[in-house]
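# A closer look at the structure
The lines below spell out each chain.
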Amino acid sequence: MSVCISIKDAVKKYGNNTIISDLSLEIKEGEFFTLLGPSGCGKTTLLRMIAGFNSIEGGDFYFNDKRINDMDPAQRNIGMVFQNYAIFPHLSVRDNVAFGLKNRKASKEVIQTETDKFMELMHIKEYADRMPDRLSGGQQQRVALARALVIKPDVLLMDEPLSNLDAKLRVEMRTVIKEIQHTVGITNVYVTHDQEEAMAVSDRIAVMNQGDIQQVGTPKDIYQRPANLFVATFIGRSNILPGKLKAAGGKAVLSFDEGFQVELPNVLEQYCKDQDVKISVRPEEFILNASPDAKGLKATIDSSVFLGLNTHYFAHTDSGERIEVVQESQIDSIIPDGTVIHLGVKTEKINVFEAEGRYNLLEGVRNDNVG
C-alpha cells in the first residue's frame, strides 16, 4: 500500500550549518511528487531524511499517522533508486530484481512470481540471465526500478535517477517512470534539478532554494503563475524586465521602460497602486511584429536560431535589455539580424512581481505549501 507523507517543521544541521530550517510539506497518497531545485538547495538532504539515511535535528516526519523519525530505514518499507543505479555487478538481472524478496525471506514461489512480474513490467525479462555489464544505461535503470518496486514499498524514493543517461534515453525513461508509477499507484518522491523532467513526470512539484520551499503546485500552476521571481526564472526561460505599475481610474496600467504600456486586468486589489515592479515575460509570451509602423516594445534582433517548429530570436531593447523571443517558424523567411521589431505581450500570461521579486502581484497564484 502507499502512504501519505507529512513533514512538520523539519530541521537539518551539519555542525553549525543549518541546511533545512522549519520546513513543512504534505505529500498525498499515491502522488508523484518532485523536489526540484538547483544543486545544494537541500532536496537530496530532505529525501535522505525521509529514507532514514540522514539524522533529523528537529521536526516530525510521518507515514500516514506513524511517526518515523526514530524508525530504522529497513523498517520504513521504502524503495530507493539512485543516480548511479547501484545494482549489484556480480548478480544477474533476475537475482538483482529478486534481491529484496530474498532478503525478506519470501518463499521461492513468491520470489519467482513477483520477479517475473516486475521484469515483465519493466520490459527486461528477456535479459533475466544477463550480467549488468552487458546492459545499457537505460536497461540498468529499469533493473534498479524493478528491484525497488518488487518489494511493494509504501514509498518509492528516487534521487536524480536519469542524470547519467543521454538526452534521448532520459526522455524515454521519464515516460517509463511515469507510466509505471501510475500502474503501481505508489507514493513517489523524486529529486531532480532538471525542470523539464520535473514538469514531465510530476503530479505536483515543490521548488526549493537554500533549504526553503518557494512554491508547491502542479506543473501548470508553477509555470503559469510562479509565486516569486526565483520560481519564474528557475522553471523554464523568462525575460525579466524593469517596469512600473500605475493605478489609473481603478485600473492597473503596466509601463515598460521603453514607454510601452498595457492595461492589466488581473492585478490583485491590494497591489493595485503605483510602484516599481519586475516583469516576467516568457519568450513565447511576446507578440513579434516586424512592420516599421507597429506599436510595442522596440527591440533590435541580434541573432536567430531555427529549430523547426519554432524560431528563437535574440534581441536587445534601446535601453540595453537582452531578450529572447520565440515565434512559430514562418514558411517564407527568418527575420534578418539588425531588423528593428516591435513586441506586444500576451497580458493574460505574463507575470508581475514587486520590485524585489518576493511575490507575484497577479491573481491566480496557487501555493499548496502556504496556509
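You'll find the structure just up there.
For every chain, the first residue of the written sequence is number 1, and numbering continues from 1 along that sequence. Residue-level local features of this predicted model are given only where pLDDT is at least 70; pairs of side-chain atoms are given and counted only at 80 or more, and the full residue set underlies all totals for whole chains, interfaces and linings. As a convention, hydrogens and water are excluded, and side-chain values are obtained from all of the structure's heavy atoms.

### Details of unusual backbone geometry
Even without being a glycine, K152 presents a positive backbone phi close to 55 degrees. Inspection of the secondary structure puts K152 in the loop between α4 (137-149) and β7 (155-159). Where helices and strands are cited, they refer to DSSP runs of H or I of at least four residues and of E of at least two residues respectively, numbered from the N terminus.

### Notes on the sheet that holds strand β14 (residues 275-281)
The five strands are arranged β13-β12-β11-β14-β20 in an open sheet whose pairing can be described as antiparallel. The open sheet is flanked by β13 (261-264) and β20 (351-354), the only strands paired with a single partner. Going across the sheet, the axis of each strand differs from the next one's by a mean of 40 degrees, ignoring polarity. Across six bridges, strand β11 (residues 239-248) lies against strand β12 (residues 251-256) in antiparallel orientation. Counterpart to L245 in the pairing with β12 is L254. Note on pairing: two strands pair once DSSP finds at least 2 bridges between them. In this description, a line fitted to the C-alpha atoms serves as the axis of each element, helices being fitted only across the stretch in contact, and the angle between N-to-C directions of two axes falls anywhere from 0 to 180 degrees.

### Concerning the sheet that holds β7
Across the sheet, which stays open at both edges, the six strands sit in the order β6-β7-β8-β3-β9-β10 with mixed pairing between neighbours. In this open sheet, the two edge strands, each paired with only one partner strand, are β6 (78-81) and β10 (212-217). Sheet twist, expressed as the average angle between the axes of neighbouring strands with direction ignored, equals 15 degrees. Alignment of strand β3 (residues 32-36) against strand β9 (residues 204-209), held across four bridges, turns out to be parallel. When the sheet's bridge partners are listed, F33 is paired in β9 with R204. In this description, contact between two residues means that some pair of their heavy atoms is separated by no more than 4.5 Å. Taken strand by strand, helix α5 (residues 167-184) contacts β3, β7 and β8 (187-192), and its axis lies near 140 degrees from that of β3.

### A few points about the pattern of salt bridges
Whenever a carboxyl oxygen of Asp or Glu lies within 4 Å of a side-chain nitrogen of Lys or Arg, that contact is scored as a salt bridge. A complete count under the given rule lists 19 salt bridges for this structure. A salt bridge links D95 to K102; the nearest nitrogen and oxygen atoms lie 3.3 Å apart. Judged by relative accessible area, D95 falls into the partly exposed class, the value being 28%. Residue K244 pairs with D276 through a salt bridge whose shortest N-O separation is 2.6 Å. Taken together, the positions of K244 in strand β11 and D276 in strand β14 put the pair 32 residues apart, joining distant regions of the chain. With a 1.4 Å probe rolled over the protein chains alone, any residue whose accessible area is under 20% of its type maximum counts as buried; one over 50% counts as exposed, and the rest are partly exposed. On the basis of relative accessible area, K244 is assigned to the partly exposed category, the value being 41%. Taken together, the shared-partner salt bridges connect E31, R204, D221, R366 and D368 into one network.

### What to know about a nonpolar patch on the surface
A cluster of nonpolar residues, V305, L307 and F314, forms a patch on the protein surface that exposes about 240 Å² of accessible area. For L307, a relative accessible area of 53% puts it in the exposed group. The patch calculation keeps residues exceeding 30% relative accessible area without a salt bridge and links them within 9 Å when they carry like charges or within 5 Å when they are nonpolar (Val, Leu, Ile, Met, Phe, Trp, Tyr). Exposure was quantified through the Shrake-Rupley algorithm and a 1.4 Å probe, taking into account, for residues, occlusion by the shown protein chains and nothing else.

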